[in-house]
Amino acid sequence: MKEYKFLPLSTYQEYPPAEMKARAKGFYAEMKRRRTIREFSTKPVAREIIENCLMTAGTAPNGANMQPWHFVVVSDAEIKRKIRVEAEIVEKDFYENRAPDYWLEALRPLGTDKDKPYLEEAPYLIVIFSQRYTLAEDGSKKHNYYLPESVGIATGFLISAIHNAGLACLTHTPSPMGFLRKVLDRPKYETPFLVLVVGYPSEDAKVPDISKKKLEEIATFI
Ligand code: IYR
């Protein structure tokens, strides 16, 4: 049987408790500033920033370290336009026919609708795919595990990295999103997970007046 190597944990950094408290508080303050936006500037963003944010996403914990994700970074105007056109077709049907009233009611405070101009205006669309299996170089398939958990965690890392870099983003979920695989020519074993719209907010960007639940509402200590 193959012997697998283990290395000493050399990257862990312990902080004195007071510093830990300050860091935890500071990180919360930083993340609390993040807002999902729907009004983007067309101002360009250096590709290097996106590359580093993606490498951060790639560090996420995941099932059996199979890293069952693929990020398609779209900056090409023609492809962005195609995605907007297809997304607006499915979204029009969602808002006008498929969405039940209670869903539309839940979305009302967010001010969302069938029009998705940001899909063309923002400099980057990062289309996140989950991979049902990994294709080895010899063509053999390796099973992947815990896809939604793994890809969801990686997406969370990506959103945090984008915020940390000083950019804004929108988690966009066109429904259904099967068209993304076709438009981006991705293999059958990949399933679109989410579209992350990334860029600067427009000068006059507004956000809905909504708040997050309190700690007591989201956590129980026993
Ligand atoms: N996919 C639609 C609808 C939508 C659904 C939820 I739940 C949201 O939090 C936001 C939007 C859209 O993108 O408009």
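Every chain's residues receive numbers from 1 upward, in the order its sequence appears when written. Since the coordinates come from a predicted model, pLDDT governs what is reported: local features require at least 70, and pairs of side-chain atoms require 80 or more to be given and counted, while whole-chain, interface and lining totals use all residues. Note: side-chain values were computed over all heavy atoms of the structure, leaving out hydrogens and water.

What about the site of the ligand?
Then, in step 1: By convention in this text, a residue qualifies as near a molecule or strand provided that one of its non-hydrogen atoms is within 4 Å of it. Neighbouring the ligand are the residues Arg 38, Glu 91, Phe 94, Tyr 95, Trp 103, Leu 107, Leu 110, Thr 112, Lys 116, His 172 and Thr 173.
Then, in step 2: Between the ligand and Lys 116 there is a distance of 2.5 Å, counted from an oxygen atom to a side-chain nitrogen or oxygen.
Then, in step 3: His 172 places a side-chain nitrogen or oxygen 3.1 Å from an oxygen atom of the ligand.
Then, in step 4: Residue-level accessible areas treat just the shown protein chains as cover; the underlying method is Shrake-Rupley with a 1.4 Å probe. Contact with the protein chains covers 72% of the free accessible surface of the ligand, which is 380 Å².
Then, in step 5: Residue assignment for the shell around the ligand shows that the elements contributing at least two residues are α3 (77–98) and α4 (101–107).
Then, in step 6: Here a helix means four or more residues in a row that DSSP labels H or I, a strand means two or more in a row labelled E, and each is numbered from the N terminus. Among the elements that take part in the shell around the ligand, α3 stands out by supplying three residues, more than any other. Polar contact is defined as a pair of N or O atoms within 3.5 Å, subject to the rule that within protein one atom must be able to donate a hydrogen and the other to accept it, and that residues adjacent in sequence are counted only when both atoms are side-chain atoms.

Examining the environment of Asp 209
Then, in step 1: You can see Asp 209 is positioned in the loop between β6 (190–199) and α8 (215–218).
Then, in step 2: Along the primary structure Asp 209 and Ser 150 are separated by 59 residues, whereas in three dimensions their C-alpha atoms are 31 Å apart.

Looking at the pairing of strand β2 (residues 124–131)
Then, in step 1: With eight of its eight residues buried, β2 lies for the most part within the structure.
Then, in step 2: Of the two faces of β2, the one lined by Tyr 124, Ile 126, Ile 128 and Ser 130 and the one lined by Leu 125, Val 127, Phe 129 and Gln 131 are each fully buried.
Then, in step 3: DSSP-based pairing: two strands are paired if at least 2 bridges between them are found. Pairing of strand β1 (residues 69–74) with β2 involves six bridges; the strand directions are antiparallel. Among the inter-strand pairings, His 70 is bridged to a residue of β2, identified as Phe 129.
Then, in step 4: Strand direction decides the pairing type here: β2 and β6, joined by eight bridges, are antiparallel. Bridge pairing in β6 links Leu 125 to Val 197. For the exposure calls, accessible area comes from a 1.4 Å probe over protein chains only, and a residue counts as buried if that area is under 20% of its type's maximum, exposed if over 50%, partly exposed in between.

Description of the sheet that holds β1
Then, in step 1: One open sheet accounts for four strands, arranged β1-β2-β6-β5; its pairing is antiparallel. Each end of this open sheet is capped by a strand with a single partner; those strands are β1 and β5 (168–172). Neighbour-to-neighbour, the strand axes of this sheet turn through a mean angle of 25 degrees, independent of strand direction.
Then, in step 2: Contacts are assigned to residue pairs that have any heavy atoms within 4.5 Å of one another. Axis definition: a line fitted to C-alpha atoms, over the contacting stretch in the case of helices. Angles run 0 to 180 degrees between N-to-C directions. The sheet contacts of helix α2 (residues 47–57) involve β1, β2 and β6, and relative to β1 the element is tilted by about 165 degrees.

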